[in-house]
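Residue strings, one per chain:
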Amino acid sequence: MSATLSLQQLTEQLDALEAEAAAAIGQAADEAALEDLRVGLLGKKGRLSVVLGAMGRLPGDERPLVGQRANVLKEQLQGLLKERLDEVKRAAMAERLERERIDVTAPCRYVPPGHRHPLMATIEEIVDIFTGLGYRVAEGPEVESDHYNFTALNIPEHHPARDMQDTFYLGDGHLLRTHTSPVQIRHLEANPPPVRIVAPGRVYRRDAVDATHSPVFHQVEVLALDEGLDFSHLRGTVTTFLQQFFGDLPVRFRASYFPFTEPSAEVDVQWRGRWLEVMGCGMVDPAVLEGLGIDPERWSGFAAGLGVERFCMVRHGIDDIRRLYTSDLRFLEQF
Ligand code: DAH
């Protein structure tokens with residue numbers, strides 16, 4: 001330990017400490033430096049403690065003089081540390097605000113907006129028209145049983161209508177559905193009439209790809225079953241729908257045949273001067289209702305089905321169905 005120091009020496013040490021500490025604190029650059037200074041000056045083993053330790057060896061009447069001086073200095077240094085700490089923090093915040101400043105005038109990075117595929121937009125538009133007429137959306141599975149896809153729709157085995165709807169077979173009586181009509185059966189099984197549904201979905205046929213055929217395509221099915229529905233309701237509903245979709249064009253019904261409707265019709269619209277066949281429809285065949293245990297004397301209704309690709313292609317003047325599936329942005333960005 002150091003030799004015994006006199007009152008005067010201790011007072012001088014305190015003076016020196018005051019001057020040095022004030023300078024060091026004033027120059028401390030950050031919080032960490034200030035903390036180091038605090039520990040070095042005021043900590044248990046700090047310089048002030050050393051002076052106080054030496055004070056113990058002074059004669060009793062001199063001790064209070066040094067003690068008082070030391071206490072004043074301690075408070076002084078604490079004050080200086082606190083002041084400098086505030087300054088340093090303020091400066092750090094100002095520096096950070098400057099560094100992280102956001103340039104609201106900088107040009108943004110361009111992210112091209114995505115949008116719906118024209119096919120999906122067409123489905124939505126068709127469904128919207130029917131929901132506007134009070135129809136609810138229904139759906140069914142794409143893997144169907146022979147029963148729902150054919151038999152329940154009055155298409156028994158060996159019926160020629162099956163030849164026109166060859167598809168992909170999964171064995172065990174299952175296949176990829178060839179149309180959305182099975183949704184009619186599934187919906188009526190689960191929901192007693194009256195029903196009004198619109199059923200969009202993907203369907204499959206064993207067709208070679210060309211400009212107008214694809215083995216995977218989309219249909220929308222419509223079914224209304226209620227008391228007192230007749231062909232005029234079918235005609236009115238289909239005409240209203242087509243004129244909402246295509247505009248106020250001439251619409252004509254031609255007698256046709258579908259196993260699950262009787263009478264049946266195909267519907268044409270006059271588009272740019274040509275009659276275009278756009279959908280099939282008819283009054284639900286009583287045989288279909290009987291198969292479901294629904295009394296055809298009481299309940300009657302109509303069904304209709306359409307190909308979404310055709311609607312989309314006619315509306316947008318698209319010449320090749322394959323354009324709808326190849327995801328060529330140069331094509332898709334036009335919509
Ligand atoms: N399911 C028929 C097809 O894919 C389309 C169709 C015709 C649906 C008449 C109907 C309908 O609901 O009444 O060729």
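Provided above is the structure to which this section pertains.
Keep in mind it's a predicted model, so treat the numbers as computed, not measured. (Residues numbered from 1 in each chain as written. Predicted model: local features only at pLDDT ≥ 70, side-chain atom pairs only at ≥ 80, totals over all residues. Heavy atoms only, no water.)

K.L.:
For the packing of aromatic side chains, give the residues involved together with the corresponding values.
P.N.:
Enumeration according to the criterion identifies 11 aromatic pairs in this entry. Ring centres 5.5 Å apart and planes at 65 degrees place the aromatic pair phenylalanine 246 and tryptophan 271 in the edge-to-face group. A residue pair is termed long-range when its members are at least 10 positions apart, and phenylalanine 246 in helix H8 (residues 231–246) and tryptophan 271 in strand E8 (residues 261–271) qualify at 25 residues. With a relative accessible area of 8%, phenylalanine 246 lands in the buried category. (Phe/Tyr/Trp six-rings, centres within 6.5 Å; stacked < 30°, edge-to-face > 60°. Helix = DSSP H or I, 4+ residues; strand = E, 2+ residues; numbered from the N terminus. Buried < 20%, exposed > 50% of the residue type's maximum accessible area, 1.4 Å probe, protein only.)

K.L.:
For the sheet that holds strand E10 (residues 299–307), give the residues involved together with the corresponding values.
P.N.:
Reading across from one edge, E1-E5-E6-E10-E9-E8-E7 is the order of the seven strands in this open sheet, with mixed pairing throughout. With partners counted over all chains shown, the strands left at the sheet margins are strand E1 (136–137) and strand E7 (251–258), one partner each. Inspection of the sheet shows strand E9 (residues 274–284) paired to E10 by five bridges, in the antiparallel sense. Its bridge partner lying in E10, methionine 279 is registered against leucine 306. Its contacts with the sheet put helix H7 (residues 182–190) on strand E5 (195–204), strand E6 (216–227) and E10, and the angle it makes with E5 is roughly 140 degrees. Contacts from H8 reach E7, E8, E9 and E10, with the element oriented near 145 degrees to E9. (Pairing = 2+ DSSP bridges. Contact = heavy atoms within 4.5 Å. Axes fitted to C-alpha atoms, helices over the stretch in contact; angles between N-to-C directions.)

K.L.:
Before we move on, could you go through the site of the ligand and cite the residues and values that matter?
P.N.:
The ligand sits among 16 residues. The nearest are His179, Ser181, Arg205, Gln219 and Glu221. Within the side chain of arginine 205, an N or O atom sits 2.9 Å from an oxygen atom of the ligand. Contact with the protein chains hides 91% of the accessible area of the ligand, taken as 360 Å² for the molecule alone. Within the residue set of the shell around the ligand, elements represented by two or more residues are E6, E9 and E10. For the shell around the ligand, the residue count by class is five nonpolar, nine polar and two charged. (Near = heavy atom within 4 Å. Polar contact = N/O pair within 3.5 Å; in protein donor to acceptor, adjacent residues only side chain to side chain. Areas by Shrake-Rupley, 256 points an atom, 1.4 Å probe, with all protein chains shown as cover. Nonpolar A, V, L, I, M, F, W, Y, C, P; charged D, E, K, R; others polar.)

K.L.:
Quick one: what's the story with the sheet that holds strand E3 (residues 169–171), residue by residue and with numbers?
P.N.:
Ordered in space as E2-E4-E3, the three strands form an open sheet in which the pairing is antiparallel. A strand with exactly one partner marks an edge of an open sheet, and here the two such strands are strand E2 (143–145) and E3. Shown here is a sheet whose adjacent strand axes are inclined to one another by a mean of 30 degrees, direction ignored. Sheet topology places E2 next to strand E4 (residues 174–176); three bridges connect them, and they run antiparallel. In the sheet register, serine 145 faces E4, and the bridge partner there is histidine 174.

K.L.:
Summarise the side chain of glutamate 221; cite the residues concerned and give the values.
P.N.:
Mapped onto the elements, glutamate 221 comes out in strand E6. Look at glutamate 221: it is buried, it has no salt bridge, and the nearest opposite charge is arginine 205 at 8.5 Å. A polar contact of 2.9 Å, which involves the side chain of glutamate 221, links it to the side chain of threonine 180. Separated by 2.6 Å, the side chains of glutamate 221 and glutamine 184 make a polar contact. Dropping the residues within four chain positions of it, glutamate 221 is found in contact with Thr180, Ser181, Gln184, Ile197, Val198, Ala199, Ala304 and Gly305. (Lys, Arg positive; Asp, Glu negative; His and termini not counted. Salt bridge = Lys/Arg side-chain N within 4 Å of Asp/Glu carboxyl O.)

K.L.:
Provide a residue-level description of unusual backbone geometry, including the pertinent values.
P.N.:
Here proline 193 and proline 194 are connected by a cis peptide whose omega angle stands at 10 degrees. Note on placement: proline 194 falls in the loop between H7 and E5. With omega at -5 degrees, the peptide bond leading from glutamate 262 into proline 263 counts as cis. Within the secondary structure, proline 263 is located in strand E8. In the Ramachandran plot, histidine 158 falls in the positive-phi region, its phi being about 70 degrees despite a non-glycine side chain. Among the secondary structure elements, histidine 158 is positioned in the loop between helix H6 (146–149) and E3.

K.L.:
Mind laying out helix H3 (residues 47–55), listing which residues take part and the relevant values?
P.N.:
Every buried residue of H3 is accounted for by Leu48, Val51, Ala54 and Met55. Along H3, the residues classed as buried sweep out an arc of 125 degrees about the axis, all on the same side. Where H3 is buried, its residues touch helix H1 (7–27), helix H2 (31–42) and helix H4 (63–99). (Arc of directions from axis to C-beta.)

K.L.:
Lay out the nonpolar core with the relevant residues and their values.
P.N.:
Within the largest apolar cluster, 42 residues are counted, with the highest numbers of intra-cluster contacts made by Phe241, Leu242, Phe246, Met279 and Phe311. Ignoring sequence-local partners within four residues, the contact set of phenylalanine 311 consists of Thr122, Ile126, Phe241, Leu242, Phe245, Phe246, Val278, Met279 and Leu306. Among the nonpolar cores identified, the runner-up in size contains 23 residues, and Ala161, Leu175, Leu225 and Leu289 belong to it. (Core = buried A, V, L, I, M, F, W, Y, C linked by side-chain atoms within 4.5 Å.)

K.L.:
Pulling in residues and values, what's your account of H4?
P.N.:
With 37 residues, H4 should reach 54 Å at 1.5 Å per residue; the first-to-last C-alpha distance of 53 Å fits that figure. The complete set of buried residues in H4 reads Val66, Gly67, Ala70, Leu73, Leu77, Leu81, Arg84 and Val88. (Expected span 1.5 Å × (residues − 1).)

K.L.:
Quick one: what's the story with the pairing of E7, residue by residue and with numbers?
P.N.:
In this structure, E7 lies alongside E8, joined through seven bridges in antiparallel fashion. Bridging from a neighbouring strand, valine 251 pairs with valine 269 of E8. Between E7 and E8, which pair antiparallel in sequence order, lie two residues.

K.L.:
Give me the side chain of threonine 261: which residues, what numbers.
P.N.:
With respect to the helices, strands and loops of the structure, threonine 261 is situated in strand E8. Among the polar contacts made by the side chain of threonine 261, one reaches the side chain of serine 264 at a distance of 2.6 Å. Other than its neighbours up to four places away in sequence, threonine 261 contacts Cys281, Gly282, Met283, Val284, Asp285 and Ala303.

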